[in-house]
Amino acid sequence: MKTFAVICVVLLLCVETQAQLSERWYRFYNRDSTLIGFKNAEGKVSVAPRFQPQSAWGAFQNIIAVQEKRDGQYLNFYLTKSGREVGLDSVHYFDNGQDYEEEGYIRFRDHKTDKVGLFNKFGDIVIPAIYNDLTRVNNGLIIALSGAEKVRSEDGEHSSWRNGKLILIDTSNKVLMEDFNSYRSLNLFSLSITKNPHPDVIRKNFKAKNGTYYSFIDYKKEFLSWLKTNVLNNHSKEKLGSAFYDNLAYFKPDSGWVSEPKDTYLSQNYELIIKKLLQVNATDSRYSIAIDGLNGLIFNSPDFGPYYDGRNESKTKYPVLSLIFDYDEMTPQHKQDHFDFLRTDDGYRMISLSIRNP
C-alpha cells in the first residue's frame, strides 16, 4: 500500500507540473505600476512583481523575455516557468520588440558574435548561436540565414542582411535543405514529404538532402485557384456572399475605414464587386497578389481572436492575401483597388476592400 501511495503522489505531482507548463500566465502590475509580475488564469500570483513594465509583452507560455533592475543595472534575460534564468543579455529583438515564444521555442542573440540561436521552453539551447538570423518556428521548421553581411543604412539607424544563404532546418538543427530562397509565399504548415515531386499545381517542390521531395502549398497559387473555382465560376450573389467574412471593412473617402454586415454591403454593391473581381479572368488585366498579416487596429473584434497569437500578432498560419488592381500607373492619379482575403480553416474570406476606381 505504501508503494501505491508513493506512486500516486508522484503521478499527481507530474500532472500538476504538466498543467502548470501548459497553462498561460498573464502580466500584472504592482500597486504603483512600476513593476510587473505574473498571474495564472485563475488570478493566483505565480511570480511576484519584479520586472520592468516595458518587458514581457504577451502571455507567459513557457519561456519569456524579461528585464529586471539589479544593483543599479538593467538585466535582460529569459525566464522559464520553473524560475530558471537563461540568455543573460542575449535577448533577441525583432521589429523593435523582444522575441516571443513560438511552438515552445524562442530565439536568442549572442551580442558578442551577433549570431542567433534557439532555446527550448525549458531554457536549454537546442540550436547554438551560429546563424546570422532565424525565423520563428513554424510547424517545427525554421529558415536560417548563414554567411550574410550586415549593412547599415546611410543614416545609421537601420541595418539589413546582404548575400548569404537561406537554409531549411528543424528544431534539432538538422539541415533539411541547403537552398530555400523561395520560401516567402509558402505555407510551412502544409508540408508533404514524397518520393517524387508532388503533382498538385498549387504546391512548390524542393529536393531535400536525403533525396525525398518536400512540398509546400504556395499561398498565392492556392488563393487564385480558390478565387476562380469558388467565386468566379459561379458568381451569384449567394455564392459571393459565402466568400465574405460576416462583417466587411471598407474605405470611405469622407469617413476612413468603416464596417458593416456583409449582406448590407452586398445588397448595394454586388454588381460593382463582381465586375472588379472578374477582371482576374481578363487577359489584359493588371493585378498582383500581396501577402501580409491582419491589421490589429482594424480587425480587433473578439471573433478575430483565433487569428492572433498570445502577443496579439497575426499568426503566420492565417495570412491576408490582397488582390490589387492597378489603373493608370503612369499618371499622377495612380489608382488601385484592393480586395483583402483572410485565410481561415474554412477557406479564404474577404474581410475588407478599397475601391478607388469605380
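Attention in this report is confined to the structure presented alongside it. (Residues numbered from 1 in each chain as written. Predicted model: local features only at pLDDT ≥ 70, side-chain atom pairs only at ≥ 80, totals over all residues. Heavy atoms only, no water.)

## Describing the packing of aromatic side chains
And step 1. Overall, the coordinates contain 22 aromatic pairs when judged by the stated rule.
And step 2. Ring geometry for Phe38 and Phe60: centres 4.9 Å apart, planes at 70 degrees, overall edge-to-face. Of this pair, Phe38 sits in strand β2 (residues 36–39) while Phe60 sits in the loop between β3 (45–51) and β4 (63–70), and the two are 22 residues apart along the sequence. Assigned by exposure class, Phe38 and Phe60 land together as buried.
And step 3. Aromatic ring contacts, followed pair by pair, group Trp25, Phe38, Phe51, Phe60 and Phe77 into a single cluster.
And step 4. Across the ring face of Phe94, the terminal group of Arg107 is positioned such that the distance to the ring centre comes to 5.2 Å.
And step 5. Directly above the ring of Phe189 sits Lys317, whose terminal nitrogen or CZ lies 5.6 Å from the centroid. (Phe/Tyr/Trp six-rings, centres within 6.5 Å; stacked < 30°, edge-to-face > 60°. Helix = DSSP H or I, 4+ residues; strand = E, 2+ residues; numbered from the N terminus. Buried < 20%, exposed > 50% of the residue type's maximum accessible area, 1.4 Å probe, protein only. Lys NZ or Arg CZ within 6 Å of the ring centre and 35° of its normal.)

## Description of the sheet that holds strand β24 (residues 347–355)
And step 1. The six strands are arranged β20-β19-β24-β23-β22-β21 in an open sheet whose pairing can be described as mixed. A single partner strand is all that each edge strand has here, and the edge strands are β20 (256–261) and β21 (287–292). Neighbouring strand axes in the sheet, compared pairwise and without regard to direction, differ in orientation by 25 degrees on average.
And step 2. The pairing of strand β22 (residues 320–327) with strand β23 (residues 335–344) spans eight bridges and is antiparallel. (Pairing = 2+ DSSP bridges. Axes fitted to C-alpha atoms, helices over the stretch in contact; angles between N-to-C directions.)

## Some words on helix α4 (residues 262–277)
And step 1. Helix length check: α4 (16 residues) gives 16 Å between terminal C-alpha atoms against 22 Å at 1.5 Å per residue, more than 12% under.
And step 2. Its axis deflected by about 80 degrees at Asn269, α4 carries its strongest bend there. (Expected span 1.5 Å × (residues − 1). Bend = angle between axes of the 7 residues up to and from the residue.)

## Some remarks on the nonpolar core
And step 1. Ranked by size, the top nonpolar core spans 30 residues in total, and within it Ile273 and Phe339 carry the most contacts.
And step 2. Secondary-structure elements contributing two or more residues to this core are α2 (219–232), β19 (244–252), α4, β22, β23 and β24.
And step 3. The dominant element in this core, judged by the number of residues it contributes, is α2, at seven residues.
And step 4. Among residues more than four places away in sequence, those in contact with Phe339 are Ile273, Lys276, Leu277, Leu321, Ser322, Leu323, Phe325, Met350, Ser352, Leu353 and Ile355.
And step 5. Core analysis: the second largest hydrophobic core is formed by 16 residues, Leu141, Ile143, Ala148 and Ala208 among them. (Core = buried A, V, L, I, M, F, W, Y, C linked by side-chain atoms within 4.5 Å. Contact = heavy atoms within 4.5 Å.)

## Some points on the pairing of strand β14 (residues 159–170)
And step 1. The pairing of strand β13 (residues 141–152) with β14 spans eleven bridges and is antiparallel. The residue bridging Ile142 from the neighbouring strand is Ile169, located in β14.
And step 2. As defined by bridge partners, β14 adjoins strand β15 (residues 175–177) across two bridges and the pair is classed as antiparallel. Looking at β15, one finds that Ile169 is bridged to Val175.

## Side note on the side chain of Ser55
And step 1. Locating Ser55 in the fold gives a position in the loop between β3 and β4.
And step 2. Judged by relative accessible area, which is 0%, Ser55 ranks as buried.
And step 3. A distance of 2.7 Å separates the side chain of Ser55 from the backbone oxygen of Gln52, its partner in a polar contact.
And step 4. What Ser55 contacts, discounting residues up to four positions off in sequence, is Arg27, Ile36, Ala65, Val66, Gln67 and Gln98. (Polar contact = N/O pair within 3.5 Å; in protein donor to acceptor, adjacent residues only side chain to side chain.)

None of the figures reported here should be taken as evidence of function without further support.
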